[in-house]
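Report on the structure
One-letter residues, chain by chain:
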Amino acid sequence: MTATVTTPGPRRARFISKKAVLPWLFLAPGLLLALVFKFLPMGKGVWLSFFEVRPFLGDQWVGLDNYTRVLTDHRFQDAIGHTLVLGVGMSLGGILVGSALALLLEGQARSLKIIRTAVFLPVVTATAVVGEMWRLMYYPTSDGLINSGLGLLGLGPVPYLDNPDTALWATMAMGIWMLAPYNMVIILAGLAGVDRSLYEAAAMDGVSLWQRLRHITLPAIRPALGIVLTLAAIRGLRVFTEVYVLTGGGPAGSTDVWMTRAYTLGFTRNDIGGASAASVVLLCVTLLLTVTVNYLRKRGDVR
Amino acid sequence: MRDRRRCIAMRLRRVHRLAATLTVSGLLFGTAACGSGSGSARAGDPNTLEVWTRSDPESAQTYDRVFAAFTKKTGIKVDHQPVMNFDQQLQSRASVKDLPDVMINDTALMGSYQAQGLLKPITPASISGHDEITAKSWSSTVGLDGKHYGIPYSRQAMTLFVRKDWREKLGLPQPKTWQDTLALAKAFAGRDPDGDGKKNTYGMVVPGSAQNGYVAWWGASYLWQGGVQILRKEGSGYRPAMDSAAALRTVTWMKKNLFCGDNGVIQPSALTSVTANTTNFQDGNAGMYLTGPYNISTFDKALGKDKYEVLPAPSGPAGNNDVLADGENIYFGARTGKAKQEQTLAAFLVSPEGQELAMTGDHQPVVRIPVNSTLDAAKVRDDPRWSVVQKAYETASVQFPNAPNFAPIKQDTADALNAIFTYCGSDVSSGLKELNDTLAGDLKDQDLLK
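Residues numbered from 1 in each chain as written. Chains lettered and ligands numbered in written order. Predicted model: local features only at pLDDT ≥ 70, side-chain atom pairs only at ≥ 80, totals over all residues. Heavy atoms only, no water.

1. A look at the pattern of salt bridges
- Going through the model one piece at a time under the given rule, you end up with 20 salt bridges over all chains.
- For D300 of chain B, the salt bridge is made with R385 of chain B, and the minimal N-O distance between the two is 2.8 Å. Pair noted here: D300 of chain B is in helix α12 (residues 296-302) and R385 of chain B is in helix α16 (residues 385-395), with a separation of 85 residues, a long-range link. Here D300 of chain B matches R385 of chain B in class, with each residue buried.
- Beyond isolated ion pairs, a larger network of salt bridges with shared partners links R75 and R269 of chain A together with D412, D415 and D442 of chain B. (Salt bridge = Lys/Arg side-chain N within 4 Å of Asp/Glu carboxyl O. Helix = DSSP H or I, 4+ residues; strand = E, 2+ residues; numbered from the N terminus. Buried < 20%, exposed > 50% of the residue type's maximum accessible area, 1.4 Å probe, protein only.)

2. Considering the sheet that holds strand β10 (residues 308-311) of chain B
Residue and element names in this part refer to chain B.
- Reading across the sheet, the four strands line up as β6-β9-β5-β10 and stay open at both edges, with mixed pairing between neighbours. Lying at the two open borders of the sheet, with one neighbouring strand each, are β6 (202-205) and β10. Across this sheet, the average inter-strand angle for adjacent strands is 20°, counted without regard to direction.
- Where strand β5 (residues 159-163) meets β10, four bridges bridge the pair, whose relative direction is antiparallel. Bridge pairing in β10 links V162 to E309.
- Along the sheet face, helix α9 (residues 214-225) touches β6 and β9 (286-291) and points at about 85° away from the line of β9. (Pairing = 2+ DSSP bridges. Axes fitted to C-alpha atoms, helices over the stretch in contact; angles between N-to-C directions. Contact = heavy atoms within 4.5 Å.)

3. Remarks on the interface of chain B and chain A
- Every contact between the two is made by 56 residues of chain B and, on the other side, 41 residues of chain A.
- At the boundary of chain B with chain A, total buried surface from both sides reaches about 4000 Å², with 60% on carbon and sulfur atoms.
- When the buried surface of chain B facing chain A is broken down by residue, Q116, Q211 and T272 of chain B rank first, second and third, together holding 14% of it.
- If you look at where chain B meets chain A, you find four salt bridges.
- Seen at the junction of chain B and chain A, the total is 14 residue pairs in polar contact (both at pLDDT 80 or more).
- Among the elements of the structure, α1 (2-36), α4 (86-95), α5 (110-115), α17 (406-422) and α18 (428-445) of chain B are those that each provide at least two residues to the side of chain B that touches chain A.
- The leading source of residues in the side of chain B that touches chain A is α1 of chain B, at 15 residues.
- By residue class, the composition of the side of chain B that touches chain A is 23 nonpolar, 24 polar and nine charged. (Buried area = accessible area lost by both parts, 1.4 Å probe. Polar contact = N/O pair within 3.5 Å; in protein donor to acceptor, adjacent residues only side chain to side chain. Nonpolar A, V, L, I, M, F, W, Y, C, P; charged D, E, K, R; others polar.)

4. Re a nonpolar patch on the surface
Residues and elements named next belong to chain A.
- Together, L35, F39, L40, M42 and L283 line one region of the surface with nonpolar side chains, adding up to about 440 Å² of accessible area.
- Broken down by element, the nonpolar patch gets its largest block of residues, four residues, from helix α2 (residues 8-48).
- Within the secondary structure, L35 is located in helix α2. (Patch = residues over 30% accessible without salt bridge, like charges linked within 9 Å, V, L, I, M, F, W, Y side chains within 5 Å. Areas by Shrake-Rupley, 256 points an atom, 1.4 Å probe, with all protein chains shown as cover.)

5. Overview of the domain arrangement of chain B
All names here are of chain B.
- By domain assignment, chain B separates into domain 1 (48-155 + 327-398) and domain 2 (159-324 + 402-445).
- Taking the mean C-alpha position of each, domain 1 and domain 2 sit 28 Å from one another.
- With 21 residues of domain 1 in contact, the opposing surface of domain 2 contributes 22 residues.
- Here domain 1 meets domain 2 over a buried area of about 1800 Å², counting both sides, of which 61% is carbon and sulfur.
- When the buried area of domain 1 at its contact with domain 2 is split by residue, R385, A396 and V398 rank highest and sum to 34% of it.
- Viewed at the interface, domain 2 and domain 1 are joined by one salt bridge.
- The set of elements that each furnish at least two residues to the side of domain 1 that touches domain 2 consists of α5, α16 and β13 (397-399). (Domains from an automatic or database assignment.)

See the structure below:
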């Protein structure tokens, strides 16, 4: 009796340990690559943020000086404001336009597939190329595509990028144009899972379009929206290429965002310690925001 | 039951083998990826120099030709790495303390490199042919401690490129003063010089973005012509000088006439333009461009030699026509043990043969004005326009001081100028005062404020 009980014990333990090891073995290459190319450089970045970096003269420990410098610099403070405006605007705009596109382009028809592919194109185009293209579209004379359109209406031309009052909004519009199709795909996947019979039941009850959206569609795509929101929050904060290509942070720093400031600090002013500190602050804020968004999403799901 | 167990065991073995293969390949990939940038193999070969140049594929071909001639002559091999985003790559390599043996890059970066300890000091006498380089050129490679940290390789000065056909069509003279320039710019913008009946031309091209300090780079010539100094040397240190009456006068003139004046004096979107996207001159819709002579080959191809002329910059209120001079130096990376080979390469690069090779050929030349005083740029190229550039460099040029770390000074000046030019209603005096305080902070950070 005892023997029959004890014998499978170690066997099972061995089996479980093998089972436990196996996923790690599969993960090992990826983890190793992540360690070498992501986590070690990230750790090095955190480490460097406490130094005045001078590789050949010896790095000097400066404690939290770099952080103080970055956080009290008025250009960085302005950049926080621009980053938040741009991040929130691009995220919400991207979700709204993405949802609208998804609702419009949902369905099985072949023509819809072609339109969906066309709409998705901005996502697969390099950001630098998109930036250059939008620079041309925003060209501040009647030769520019958008201004020539305005000209037909008897308006303009508007110097979108050269006016500090409009540059940030113009950058945001380009960001939304790039983000919306990506969100559209995720929301389309969410829409595909909506129970059709609910729509039929709703139609029989004679509910309005808005009620259908509010009580059937929105609850069904809530998980998809949660994912989109998390991704948008992260992407919104680390926005860089769009701004760098389109305006370079100008004019008069009116489109400077956190990442363009960090880049200028690191690679124009060669202040690697300060740039590292700025990047670490961004990492912490992004982490905090992601955790908060996830927490709120989960709480919403439970409710 | 036993069959099932054997089947599971086999499956596990197969999985283990696969996992092992994946792990090993992952490791190999990891090491290969790590190894590729280290340059350890090259570093071990005493007869091979790793040389970095900041060049695009076009100019890299000229460098390749120069290095091939050097290897043929001396037997020393060159592992040439043309790098586009030079500073970013160099900082990455510096962080692992493995620098290239020789670097050819901008003169103005010397202070920044020296501050980080990236450069080996150089004794001019150790470079054969050093006496053929002028004292003016050598003086630009002296660091804060009085030692040389670079060897002059190529020099250039800005000149004014003007659409000759437009100017002659409108019957206007070559501009000699700022007033002439402004009048010509207004005529180019308003009197339809291309004759197509549309108001689609602009007076002059300005790369006015603060990105990478462009507006300070372009605007420096105007500042000097207005009698402005960005920094003033005082004893062993510096003081910022952007709060002077001359600075106020000059920046106000630029703001009023170029940026906030008549529409069309400068091209649209100037405030967010860098040189790469400021193509109005070669596109044929702007009439003037104060810029470096490296554009000559581009303009020849895009416009044609006969369409434009190369003129010395017009004089400003200070009575001079000083322009920004810059160029490239040869730097030796710190802590490499190949001093002899490096000196041999530098001697070849500054020799008449090395300089001529780099000034000619089918691809973009990498030496503009030769640093070797036995050569004449116009004669080597058989093109008299180059004598205008050489004369501007020799007689009417100022370089950014490169002994302090000038990178933050240039960036802060650009940020301030871009802001002043953007807000047309703003007060220039308070903008310059703020800039002066920022520059004082930069100098203080470098322990150079007097």
